[in-house]
Amino acid sequence: MQLFGSFAILLALVLAGYGVLAGIFGLARRDTRLIASAQRAAMAVFPVVTVAVVCLVGLILRNDFTVAYVAEHSNRALPFYYKIAVLWSGQEGSLLFWTWLLSGYAFIALLGARRKARGIAPATAPGNLAAATAGAGAAALPVPATRAATDEEEALSPRLAHRNLMPLAAVILGAIECFFLLLNNFAASPFVTLPVATPPDGNGLNPLLQYAQMVIHPPMLYLGYVGFSVPFAFCLAALIKRYPGDRWIHVTRRWTMVAWLFLTIGIVLGGNWAYRVLGWGGYWAWDPVENAAFLPWLTATAFLHSVMMQEKRGMLKVWNVWLVFATFLLAVFGDFITRTGLVASVHAFAQSNIGPWFVVFFIVALLVCGWAYFRNRDFLKSENALESTVSRESGFLFNNFILLVITFAVLWGTVFPVVSEWVEGQKIDVGRVFFDRINVPLFLFLLFLTGVGPLLAWRRTSLNSLKRNFTAPAVVGVLVAVASLLGGVRDPYPIVCFGLAGFVLTTIAMEFTRGASVIRRRGGGGVLGGWPAALTQLTLRNTRRYGGYIVHVGIILIAIGIAGSGLNQQAQGAMPYHAQMRIGPYTLVSENYTQNDNANYASNSLEVAVERGGQYVTTMYPARRFYKASNQDQSMVAIRSTPLADLYLVYAGNDPNSGDPILHAYWNPLMVWIWIGAIVTALGTLLAMLPNRRPSGGAPGGIAAKAAAAPVEEVHA
Amino acid sequence: MRGRRAAGWAAGLAIVLSAATLRAETVAQRYPALASKLQCTCGCATPMPQECETMKCSTRKAIDADIVWVETGPMRNDRMAVKLQYFEQKYGSRILMAPPTSGFGMVVWIMPWVAAGLGLWLVFFSIRYWRKRALPAPAATSTGEASAAAAPPAGDEAALEQVRAEMDRELRGF
Amino acid sequence: MGTGLVAAFACVFLTAMVAYFLLTGGEAQLEDSPREAELRALRERKRTIYDNLRDLHFEFLAGKLGEEDYRRGRGALEQEAAQVTRKMEGRA
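The shown structure was predicted, so the numbers you read here are calculated from the model rather than taken from an experiment.

Sorry, what's going on with the overall build of chain B here?
For chain B, the helix and strand inventory stands at six helices and zero strands. Considering chain B as a whole, with its 174 residues, one finds that 25% of them fall into the buried category. Taking contacts inside chain B between residues at least 6 apart in sequence as the whole, the part at least 24 apart equals 36%.

Help me out: how do you make sense of the overall build of chain A in this one?
In terms of helices and strands, chain A carries 22 helices and ten strands. When contacts within chain A are restricted to residue pairs at least 6 apart in sequence, long-range pairs at least 24 apart make up 73% of them.

Is there a simple way to think about the environment of V433(A) in this case?
If you trace the backbone, V433(A) turns up in helix α16 (residues 432-452). Residue V433(A) is classed as partly exposed on the basis of its C-beta count, with 17 C-beta atoms lying within 10 Å. In the structure, V433(A) is positioned 28 residues away from T461(A) in sequence and 39 Å away in space, judged by C-alpha atoms. Filtering out sequence-adjacent residues up to four positions away, V433(A) remains in contact with M97(B) and A98(B).

It is not clear to me how helix α11 (residues 247-278) of chain A should be interpreted in this structure. Could you clarify?
Every α-helix winds through 3.6 residues per turn, so residues three or four apart in the chain are directed the same way. Residue and element names in this part refer to chain A. Spanning 32 residues, α11 covers 46 Å between terminal C-alpha atoms, matching the ideal 46 Å at 1.5 Å per step. Taken across its 32 residues, α11 has 28 buried, putting it largely inside the fold. A positive backbone phi angle near 75° is found at G279, which sits one or two residues after α11.

Please explain the pairing of strand β5 (residues 615-620) of chain A as it appears in this structure.
Walk down a regular strand and you will see the side chains alternate between the two sheet faces. All names here are of chain A. Relative to β5, strand β4 (residues 601-612) is paired through five bridges, and the arrangement is antiparallel. From the neighbouring strand, E611 faces β5, where its bridge partner is Y616. Between the antiparallel neighbours β4 and β5 lie two residues, among them G613 with a positive phi of about 60°.

Sorry if this is basic, but what is going on with the packing of helix α10 (residues 229-241) of chain A against α11(A) here?
Helix-helix packing is characterised by the crossing angle of the two axes and by the distance between the axes. Residue and element names in this part refer to chain A. Look at α10 against α11: their axes get within 8 Å of each other, and the N-to-C directions meet at 165°. Taken together, the axes of α10 and α11 lie roughly antiparallel to each other. As for the relative orientation of α10 and α11, their crossing is left-handed in sense. Here V230, P231, F234, C235 and A238 of α10 lie close against α11, whose contacting residues are W248, V251, T252, W255, T256 and A259.

Explanation requested: the sheet that holds strand β8 (residues 638-641) of chain A in the structure shown.
Backbone-to-backbone hydrogen bonds pair the strands of a sheet. The strands run either parallel or antiparallel. Residue and element names in this part refer to chain A. What the four strands build is an open sheet, ordered β1-β10-β9-β8; its pairing is antiparallel. Each end of this open sheet is capped by a strand with a single partner; those strands are β1 (569-574) and β8. Averaged over all adjacent pairs, the angle separating strand axes in this sheet is 15°, with direction ignored. Relative to strand β10 (residues 661-669), strand β9 (residues 645-654) runs antiparallel, the two sharing nine bridges.

Quick question: what am I supposed to make of the pairing of β8(A) here?
Residue and element names in this part refer to chain A. One ladder, built from four bridges, connects β8 with β9; its direction is antiparallel. Of the residues in β9, the one forming a bridge with A638 is L649. Linking two consecutive strands that pair antiparallel, namely β8 and β9, is a turn of three residues.

Mind showing me how you'd approach the environment of A645(A) here?
All names here are of chain A. Mapped onto the elements of the fold, A645 is located in strand β9. Classification of A645 by C-beta neighbours within 10 Å gives buried; the count is 22. Through-space distance from the C-alpha of A645 to that of A483 is 18 Å; in sequence the pair is 162 residues apart. Non-local contacts of A645, meaning those with residues more than four positions away in its chain, are made with G584, W667, N668, P669, L670 and M671.

When you look at the nonpolar core in this model, what are you seeing that I'm missing?
One recurring pattern in soluble globular proteins is that nonpolar side chains are buried together. Residue and element names in this part refer to chain A. Residues A12, L165, A169 and F234 are the most contacted members of the largest nonpolar core, which totals 270 residues. Top contributing element to this core by residue count: α11, with 19 residues. Non-local contacts of L165, meaning those with residues more than four positions away in its chain, are made with F234, A237, A238, K241, Y243, W248 and V251.

How should I be thinking about unusual backbone geometry in this particular structure?
All names here are of chain A. Backbone geometry at W286 places phi at a positive 55°, although glycine is not the residue there. With respect to the element layout, W286 can be found in the loop between α11 and α12 (288-313). If you check the backbone angles, H578 has positive phi at about 70° while not being a glycine. Mapped onto the secondary structure, H578 falls in the loop between β1 and β2 (580-583).

I would appreciate a short explanation of the confidence of the model for chain A in the present structure.
Do not read the predicted coordinates in detail wherever pLDDT is low. Residues and elements named next belong to chain A. Residues at a pLDDT of 70 or more form 89% of chain A, whose mean pLDDT is 85. Counted against residues more than four places away or in other chains, residues 118-149, with its pLDDT under 50, gives 58 contacts. Every residue in residues 697-717 scores below 50 in pLDDT, and together they form 35 contacts with partners more than four places removed in sequence or on other chains.

How do you make sense of the packing of α16(A) against helix α18 (residues 492-521) of chain A when you look at a structure like this?
Residues and elements named next belong to chain A. Look at α16 against α18: their axes get within 8 Å of each other, and the N-to-C directions meet at 20°. Judged on the interaxial angle alone, α18 and α16 are roughly parallel. You can see that α16 and α18 cross each other, and the crossing is left-handed. Only Y493, V496, C497, L500, F503, V504 and T507 of α18 make contact with α16, whose side of the interface consists of V440, L444, L447, F448, T450 and G451.

Explain the environment of G564(A) to me, please; I cannot follow it from the model alone.
Residues and elements named next belong to chain A. Among the secondary structure elements, G564 is positioned in helix α20 (residues 543-564). Along the sequence, G564 and I495 sit 69 residues apart, while their C-alpha atoms lie 9.9 Å from each other. The contact partners of G564, leaving out residues within four places of it in the chain, are N668, P669, L670 and M671.

Is there a simple way to explain the confidence of the model for chain B in this structure?
Residues and elements named next belong to chain B. The pLDDT averaged across chain B works out to 71; a share of 60% of its residues lies at or above 70. Summarising per-element confidence for chain B, the mean pLDDT is lowest in helix α5 (residues 147-150) (42) and highest in helix α4 (residues 105-134) (88). Contacts from residues 137-152, a stretch scored under 50 in pLDDT, to residues over four places away or in other chains number 27 contacts. Interface confidence for the predicted complex, given as ipTM, is 0.87, next to a pTM of 0.86.

What should I look at first to understand helix α1 (residues 2-29) of chain A in this one?
An ideal rise of 1.5 Å per residue puts 40 Å on 28 residues; α1(A) measures up with 40 Å between its terminal C-alpha atoms. Positive phi shows up at R30(A), right after α1(A), with a value of about 50°.

Parameters at a glance
- Residues numbered from 1 in each chain as written.
- Chains lettered and ligands numbered in written order.
- Predicted model: local features only at pLDDT ≥ 70, side-chain atom pairs only at ≥ 80, totals over all residues.
- Helix = DSSP H or I, 4+ residues; strand = E, 2+ residues; numbered from the N terminus.
- Buried ≥ 20, exposed ≤ 12 C-beta atoms within 10 Å, placed from the backbone.
- Contact = placed C-beta atoms within 7 Å.
- Expected span 1.5 Å × (residues − 1).
- Pairing = 2+ DSSP bridges.
- Axes fitted to C-alpha atoms, helices over the stretch in contact; angles between N-to-C directions.
- Parallel < 35°, antiparallel > 145°, perpendicular 65-115°, else oblique.
- Left-handed = near helix turned anticlockwise from the far one by under 90°.
- Core = buried A, V, L, I, M, F, W, Y, C linked by C-beta atoms within 7 Å.
- pLDDT = per-residue confidence, 0-100.

The structure is reproduced here in structure tokens:
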């Protein structure tokens, strides 16, 4: 099986290489057969890599310890689902997994281009298009109110750009695939057999990774990282081809949203895993590997905002292109520092000597980006001008400014140990205090902009509009800040954060209610005619805007959860039978102490009764496990979550003298909102990816006539 | 006489007790001040006042003992920077929660704000640049006239009229 | 020996499948001529301007914008649309 797997990744490399070369020659000579064949080769990479992945998973499931990777990362007693996770828990496997996801993305993109090509064939056949455009010129097409023909819709949709850019984007994706396939074949093959005798059992999966979140977290994170290759490919292709119009930026934006969604889920699952597994009561430590995932997230977030400047106003084109490039390059950089241990990290799970490969790839990618930009920079000239400093445009500029400063601060803090070692010969490590001190005020300002931005009008906002839009949110924000001060919060940052949360949530609520009231006035909202129907209709009409607001709600909820950590409490002590401990509003009573044993691990567990005001609340079971195959022990945290706070218990071991179990208790206010916020963010992103449902127009008594006939007429007069 | 002796004993005891209390208090008070600037070096990067649960951590115990030693031993009256230097030399810079604010370590603190300054300059520069470009275009007048109505270039009127009609139609179907 | 033979057969089979897939492809469609593409870009631009108009109008109806802001925004969009229309007429 390992032979077949090895052959499959070699064949995939040949296919990807052929796809790149044939694509380049085909495009240069406008040879349609060669281009088609290159695209088919690019598609075929995915099923062939899938064969390799199936082979590796088969070897893992069959406990074939002749293969070094299986012996190193799996063992017989490991449950089935964790055996699947073995695929990405080591260097070689995770690189193959990476290639697989990348080829999968390319496959989906190519499939989409093929299907859409068929769909729009009539509109884009040379004759038809010429006829359509001649008409367009004379009669100044389109007249949207009368619903242009479907073909016209299709021709103006981003799908055409997707199809037109696909051949070159496929070449770029193929080149990226080639790099990873080279690694899979020659630097880190997962199919290498052990040179010595086969061990009776494997070393086992790191116990820290034996959690449900850990089965999902790496694939999500990888889907995010890898996903940024697709917008990068389309953006680079558009730049090289000087693709006319702005639909290519829609294609780039849509794919960025997909990758952003996965990366967000991946990062939050990582935090959730750290919180539930590592047992230090926190979820984010500014570790280099965490930062590595956060960096492309920040630039992608900046892009998803600044892209609106390009779509709406034809501005910031250079900036957007470089944000897409930076996001891809930072994803590669993140992969590089994660895998090579360039910077010391807790995540030292996959260190090896593939560093030089990544350095070369990074430099080549950077050179290609630079070359494409300098050659075509006139293509990215801005079309419009800024009319006022108080406008939505400025809001976006400041939003991008803050996000990029945060990106720089995080990147700088992450690489500073290496920089200081080069410059000084002595390594200076950067702990979380640095990151917190620099980033917290910046994030608070970003929260403020989250509220302000949507309230500003494009081009110019008058003082009148400012007053109209800002009064209520500002009042609510101040009231919330004062209430949290009166409620006993003393740290300035959480107070400011709660105040800003009140401000932003009010602005969003106002956006929804104002929009829905227009729909209701118009008589919309369907059979029910009520608010829920109006809100639904409003959201579906402009999914991107209202989905975006829901994402903002999610981010605010996460901010509330993070601000809650300013109120954390903790306590620690030996807990012999019937001993008590106080934490937050709770009293903890030690009830029992048990031991268990199975094939995978032995465990000690403590039974703790939780009381509040003398009333029994629940029983919790913090435990400690000893994993036999890997010879490591691991604490199993017990958590009780409520909307107000988490009670977090860790069995910290036994007192060396008395043998009594030691309990470490944390009381973490508002923690659950981080996870709820993440779910809301993900749902909002999904919503924003749905196509808009356009209002059925044209009917007399439509919105303009009914709701605001007078002012509109006046304007036209 | 007995009374005086008893008073002497009492005074002596009080001095010893208060000294002991003072010492105990100093260590208890000083420990968090120093510990909060240090983190565990076993790989968990947990701040020292917290417990490290990641794995069986012997590093933490050694650092704990060192903090107590520094705060009670000959170094107890040294400046915080000197104490931190002691830990940095013994455990490496990974033990410090925050990079030093002196020497090359200062660069890490300064650069983000330098970047912020540059970024802010860039933002204002861009705004000014775009605003300048906007000036020749017909901007809204102080009388509140619509900018479109201000001064369309000659020959544009027909196109503008056509567009307005289209826009009206568009919004009617809205 | 037996597994080696099976693996060899599997490799040959996989290669054959891939070769079949590569060789049975049709022709790719080339995109429009530069002139058509440019005209399409203008139509796209016009569509975007109308989308912006719809947004602006909706915000006005929702009471988010004052009349002054609405007038100014609409005026600017009319200008932009007129420019694009003229360009389209020039190229058609």
